[in-house]
Amino acid sequence: GAGVSQSPSNKVTEKGKDVELRCDPISGHTALYWYRQSLGQGLEFLIYFQGNSAPDKSGLPSDRFSAERTGGSVSTLTIQRTQQEDSAVYLCASSLTNMGKTQYFGPGTRLLVL
Amino acid sequence: AQSVTQLDSQVPVFEEAPVELRCNYSSSVSVYLFWYVQYPNQGLQLLLKYLSGSTLVKGINGFEAEFNKSQTSFHLRKPSVHISDTAEYFCAVSDQGSQGNLIFGKGTKLSVKP
């Protein structure tokens, strides 16, 4: 079956612009996670969605970052007024539920802020 | 707060040799433990996980790991590596009582030489 998909695969933007990154989780997976992978910080948790519950935003690095999940499926991560330090690979993962269940990762979106 | 330490950032090894990638974690609560592999320019793929029960866990591609609670370790082993095992390996933990977000180590780059 289809795995987690993310788009775009690569994004180059200018400092100060807004960007939107999209994640399509595996059908039927209620839990969705966003992570960021950067050279300096490694893999960091950003935000978590579980069903229709309020998201856990505890990992978002600043208020320029936000995310939503529409209809319990597709999720969009938005970065406003991008900075060079936002350059990273943004990974999305989904799982059937949350605790202990395997998280399936998408291929990521590589963001470069010039 | 939880943390994961992967003691070796790079591990070079010859083909058909055994390998051990070390992982130690710190947590005040019970955890689930995971090893993920990332091949060049690809997303993360689950190798194996420990949830409960037997402390020796077998995964894909001939890898196994042993959970040692007293030493708070979850080292990954393979008795004989192949060139195709060249990749970056990430150890991760999640609290058993949390929403399941993963805390990752910094990764170990395994380089298998002929």
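What counts, and at which threshold
- Residues numbered from 1 in each chain as written.
- Chains lettered and ligands numbered in written order.
- Predicted model: local features only at pLDDT ≥ 70, side-chain atom pairs only at ≥ 80, totals over all residues.
- Heavy atoms only, no water.
- Disulfide = S-S within 2.5 Å.
- Helix = DSSP H or I, 4+ residues; strand = E, 2+ residues; numbered from the N terminus.
- Buried < 20%, exposed > 50% of the residue type's maximum accessible area, 1.4 Å probe, protein only.
- Contact = heavy atoms within 4.5 Å.
- Buried area = accessible area lost by both parts, 1.4 Å probe.
- Polar contact = N/O pair within 3.5 Å; in protein donor to acceptor, adjacent residues only side chain to side chain.
- Core = buried A, V, L, I, M, F, W, Y, C linked by side-chain atoms within 4.5 Å.

Trainee: In this structure, what is going on with the state of the cysteines? I would like to understand it.
Mentor: By definition, a disulfide links the sulfur atoms of two cysteines through a covalent bond. Applying the stated criterion across every chain yields a total of 2 disulfides over all chains. Bridging C23 of chain A to C92 of chain A, the disulfide has an S-S length of 1.9 Å. Taking the sign of the torsion about the S-S bond as the criterion, the disulfide between C23 of chain A and C92 of chain A, at about -65°, is left-handed. Residue C23 of chain A is located in strand β3 (residues 19-24), and its partner C92 of chain A is located in strand β8 (residues 88-95); the two are separated by 69 residues in the primary sequence. Classification of C23 of chain A by relative accessible area gives buried; the value is 0%. Note on cysteine connectivity: C23 of chain B is disulfide-linked to C91 of chain B, with sulfurs 2.0 Å apart. Here C23 of chain B and C91 of chain B share a disulfide; its torsion about the S-S bond, -65°, makes the bridge left-handed. Residue C23 of chain B is located in the loop between β3 (19-21) and β4 (24-26), and its partner C91 of chain B is located in strand β10 (residues 87-95); the two are separated by 68 residues in the primary sequence. Given the relative accessible area of 0%, C23 of chain B is considered buried. A residue is classified by how much of its surface remains accessible, and C91 of chain B, at 0% relative accessible area, is buried.

Trainee: Before we go on, may I ask you to explain the interface of chain B and chain A in this structure?
Mentor: It is common to give the size of an interface as the accessible area that goes away when the parts come together. Listed per partner, the contact involves 20 residues of chain B and 21 residues of chain A. When chain B packs against chain A, close to 1,600 Å² is buried across both sides, 55% of that on carbon and sulfur atoms. A per-residue breakdown of the area chain B buries against chain A is headed by L44, Q99 and F104 of chain B, which together make up 32% of the total. Applying the counting rule to chain B against chain A returns 5 residue pairs in polar contact (both at pLDDT 80 or more). For the side of chain B that touches chain A, the elements supplying multiple residues, two or more each, are β5 (31-38) and β6 (44-50) of chain B. Here the element with the most residues in the side of chain B that touches chain A is β5 of chain B; it accounts for 4 residues.

Trainee: Looking at this model, I keep getting lost on the nonpolar core. Mind explaining?
Mentor: One recurring pattern in soluble globular proteins is that nonpolar side chains are buried together. L33, W35, L47, L48, F74, L76 and Y89 of chain B are the most contacted members of the largest nonpolar core, which totals 28 residues. Of all the secondary structure elements, the ones that give two or more residues to this core are β2 (10-14), β3, β5, β6, β8 (64-68), β9 (73-78), β10 and β12 (108-113) of chain B. Judged by nonpolar contacts, the second largest core, of 20 residues, contains V19, L32, F49 and V113 of chain A.

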